[in-house]
Amino acid sequence: MLYLMFYLVYSEVLSQLKCVSNLGEYDCRDKPVFTPSRLVVKYGDPVSATCVMCKNDCLGTFFGLETPLGLKSENGTTVVWTVLKMTEWNTSPLCYYNRYDDKQCCSLLPVTVYQPLQNVTLTVVNHTGPMFEHGRYTLQCTVEDVFPLELLTVTFFRGQRILSVLHHQLNHEQQDTPVTERCTLSINASEEDDGAQYWCKAELELGSEGPQPPQVRESQALTTTVHCESLHAHFVPSLNVSEQGQTWSKSN
């Protein structure tokens, strides 16, 4: 949740910088207001929002809403933005108006477009066959077709114990399409691992505006069988995977 809050603040700062750079905004106390103030929408779904340009300052001035897609309808100083099918991965509608002093006021609507989590798998990197006690191995959690990557959290488990929680680092590069993300964790095989299950979980932290329950997918489990240092330890899948796009389910 803290990571999501940081991401939202980071996105808001970038949005305001974009608003200033695009329209040369100065000290504007009567800014346009979007309702809702943030949107989370699945790619391909419909969405809508309302922008009230101002309370007083924009009456009788030129105003508008800029967006690369959707329909706009005006009623006084209120503009309704409607999208029948979200087909843009990155979009932020912008409301603006010209003030009497030739300056401009604007607001951006943060829109998070997401792709529902698909397949999540756990494998051992560059290894097949038996494993040896005290050997070092790398687990890889693969999450297919992720968007937005910045809101992905991957957690590795041994049984019900959390081993590692990984977040994608925020950067200035804009993600244009869904990507496949691979996260790794190194482990040392030991006799105590006999019968232990390793698995991973992927989650999109979309916040309260996102789908409920949240977007979560779990991998199949890898069960370790460790006899002793000189014998083999091997992984046996203990979960059955349903068809792509369906929820993973544990076997008894």
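Residues numbered from 1 in each chain as written. Predicted model: local features only at pLDDT ≥ 70, side-chain atom pairs only at ≥ 80, totals over all residues. Heavy atoms only, no water.

If you look the protein chain up in an unreviewed UniProt entry, it shows as Ig-like domain-containing protein from Gouania willdenowi.

Peer 1: Can you walk me through the pairing of strand E7 (residues 94-98) in this structure?
Peer 2: On a regular strand, each side chain points to the face opposite its neighbour's, so the side chains alternate between the two faces of the sheet. Burial within E7 is extensive, with four of its five residues counted as buried. In this sheet, E7 lies alongside strand E4 (residues 63-66) in antiparallel orientation, the contact comprising four bridges. Paired with Glu66 across the two strands is Leu94, which belongs to E7. Bridge analysis of E7 against strand E8 (residues 104-108) gives five bridges, and the strand direction is antiparallel. (Buried < 20%, exposed > 50% of the residue type's maximum accessible area, 1.4 Å probe, protein only. Helix = DSSP H or I, 4+ residues; strand = E, 2+ residues; numbered from the N terminus. Pairing = 2+ DSSP bridges.)

Peer 1: I tried to follow the state of the cysteines on my own but got confused; where do I start?
Peer 2: Here a disulfide denotes one covalent bond, and it connects the sulfur atoms of two cysteines. What the rule picks out here adds up to two disulfides. Paired by a disulfide, Cys51 and Cys95 hold their sulfur atoms 2.1 Å apart. In this pair, Cys51 sits in strand E3 (residues 47-52) while Cys95 sits in strand E7, placing the two residues 44 residues apart along the sequence. Neither Cys51 nor Cys95 differs from the other in exposure class; each is buried. Two residues share a disulfide in this structure: Cys141 and Cys200, whose sulfurs sit 2.1 Å from each other. Taking the sign of the S-S torsion, 80° for the link of Cys141 and Cys200, the bridge is right-handed. Note that Cys141 is positioned in strand E12 (residues 136-146) and Cys200 in strand E16 (residues 197-204), a separation of 59 residues in sequence. Taking relative accessible area as the criterion, Cys141 reaches 0% and is therefore assigned buried. No disulfide involves Cys183; its sulfur sits 6.4 Å from that of Cys141, the nearest cysteine. (Disulfide = S-S within 2.5 Å.)

Peer 1: What is the right way to look at the packing of aromatic side chains in this model?
Peer 2: Working definition: an aromatic ring pair is given by the centre-to-centre distance plus the angle between the planes. Scanning the entire structure with this criterion turns up four aromatic pairs. With a centroid separation of 3.9 Å and an interplanar angle of 10°, the aromatic rings of Tyr43 and Trp89 are classed as stacked. In this pair, Tyr43 is assigned in the loop between strand E2 (39-42) and E3 and Trp89 in the loop between strand E6 (78-83) and E7, connecting sequence segments 46 residues apart. Given the relative accessible area of 14%, Trp89 is considered buried. Members of the aromatic cluster, joined through ring pairs, are Tyr43, Trp89 and Phe147. (Phe/Tyr/Trp six-rings, centres within 6.5 Å; stacked < 30°, edge-to-face > 60°.)

Peer 1: Explain the sheet that holds strand E15 (residues 179-188) here, please?
Peer 2: Whenever strands of a sheet pair, they do so through backbone hydrogen bonds, lying parallel or antiparallel. As summarised here, the arrangement of the three strands in space is E10-E12-E15, forming an open sheet in which the pairing is antiparallel. The open sheet has two edge strands, strand E10 (120-124) and E15, and neither has a second partner. Strand-to-strand twist in this sheet, taken as the mean axis angle between neighbours without regard to direction, amounts to 20°. In terms of strand pairing, E10 meets E12 through five bridges, oriented antiparallel. (Axes fitted to C-alpha atoms, helices over the stretch in contact; angles between N-to-C directions.)

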